[in-house]
Amino acid sequence: MDTFELLYKHYEDTNALRITAQERRNKEFVALCVLEAISFLVLIKPEQAFLTLLEGVNFVVGTTLELGNGVLQSLLWALIIYFQIRYISDSLYVEKQYKYQDHLEKQISEKIDENIFREGDNYVCHYPIVLNLIDLFYKTFCPIIFEAINITRLYCEWKTATSKLVLVLDTILCVSSFIIMWFYFFEVNSKIIAWFKKCKVIKWLAETIRKILKEV
């Protein structure tokens, strides 16, 4: 197998892995949207929201469970952070694969003196503005909307909580969700990062946290 065949085979495998991850990411985003919608419903019609969640859980596990609202509240937090982690992991993987594919495309194109690929530079050459807007919605608006719902729900829990243990657990999950989404938000919005890093304090804090997490 010569270099060209090896590169092209590697390109095909990389593309297949990206498509699979992209399909997972899309399903995870839908699941996250559904969970956040239930979370929002908790703010306006809590009993209906918990009933909907319980019916969904019973449908998935194929049995009939009777769970209190406190348990369902914590379960909703756990499901949100689970799908959030899966969605963010696959989203960042897809973004990384796009960059790597672009690198492979350039190498292959050099071998045949022609750019035959639809992705890479050809794909973004005349990228429609509406797709830029959609990309902005996914990467910027959705994280802000989701975390606004989560923080508001936690605030309401603090006002109405009857169990301190449940409240502590939910607070830990909410804070974890916020931190994860915060890092994702800045990871995929490079221009916003550049703007924030103009502030020396924020730049120092970001670099310090990155070093700590890298060591961990």
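One can find the structure itself at the top, above this paragraph.
What you see is a predicted model; the values in this text were computed from it and never measured.

J.: Quick one: what's the story with the packing of aromatic side chains, residue by residue and with numbers?
T.: What describes a pair of aromatic rings is the distance from one ring centre to the other and the angle between the planes of the rings. Counting across every chain of the model gives 7 aromatic pairs. Between Y87 and Y184, the aromatic rings sit 6.2 Å apart at their centres with planes inclined by 65°, giving edge-to-face as the arrangement. With Y87 in helix α3 (residues 69–112) and Y184 in helix α6 (residues 164–188), this pair connects stretches of sequence that are 97 residues apart. With a relative accessible area of 6%, Y87 lands in the buried category. Residues F178 and W182 carry aromatic rings whose centres are separated by 6.0 Å and whose planes lie at 35° to one another, so their mutual orientation is tilted. Of this pair, F178 and W182 both sit in helix α6, separated by 4 residues, roughly a single helical turn. The partly exposed category is assigned to W182, whose relative accessible area is 43%. The rings of F29, Y87, F137, Y138, F146 and Y184 are connected pair by pair, giving a single aromatic cluster.

J.: Tell me about the side chain of E157, residues and numbers included.
T.: The residue E157 is located in helix α5 (residues 129–160) in this model. Judged by relative accessible area, E157 falls into the buried class, the value being 4%. Here E157 is in contact with Q73, W77, L167 and D170, once residues within four sequence places are set aside.

J.: Talk me through the packing of α3 against α6; I want residue IDs and the actual numbers.
T.: Helix packing for two helices is described by the angle between their axes and how far apart those axes are. Packing of α3 against α6 brings their axes to within 10 Å, and their N-to-C directions diverge by 20°. As the angle between them shows, α3 and α6 are arranged roughly parallel. Crossing handedness for the pair α3 and α6: left-handed. Contact with α3, carried on its side by G70, Q73, S74, W77, A78, I81, Q84, I85, Y87, I88, S91 and L92, involves V166, L169, D170, L173, C174, S176, S177, I180, M181, Y184, E187 and V188 of α6 and no other residues of that element. A class-by-class count of the residues in the contact of α3 with α6 yields 15 nonpolar, 7 polar and 2 charged.

The rules behind each value
- Residues numbered from 1 in each chain as written.
- Predicted model: local features only at pLDDT ≥ 70, side-chain atom pairs only at ≥ 80, totals over all residues.
- Heavy atoms only, no water.
- Phe/Tyr/Trp six-rings, centres within 6.5 Å; stacked < 30°, edge-to-face > 60°.
- Helix = DSSP H or I, 4+ residues; strand = E, 2+ residues; numbered from the N terminus.
- Buried < 20%, exposed > 50% of the residue type's maximum accessible area, 1.4 Å probe, protein only.
- Contact = heavy atoms within 4.5 Å.
- Axes fitted to C-alpha atoms, helices over the stretch in contact; angles between N-to-C directions.
- Parallel < 35°, antiparallel > 145°, perpendicular 65-115°, else oblique.
- Left-handed = near helix turned anticlockwise from the far one by under 90°.
- Nonpolar A, V, L, I, M, F, W, Y, C, P; charged D, E, K, R; others polar.

Coordinates in, geometry out; function isn't part of it.
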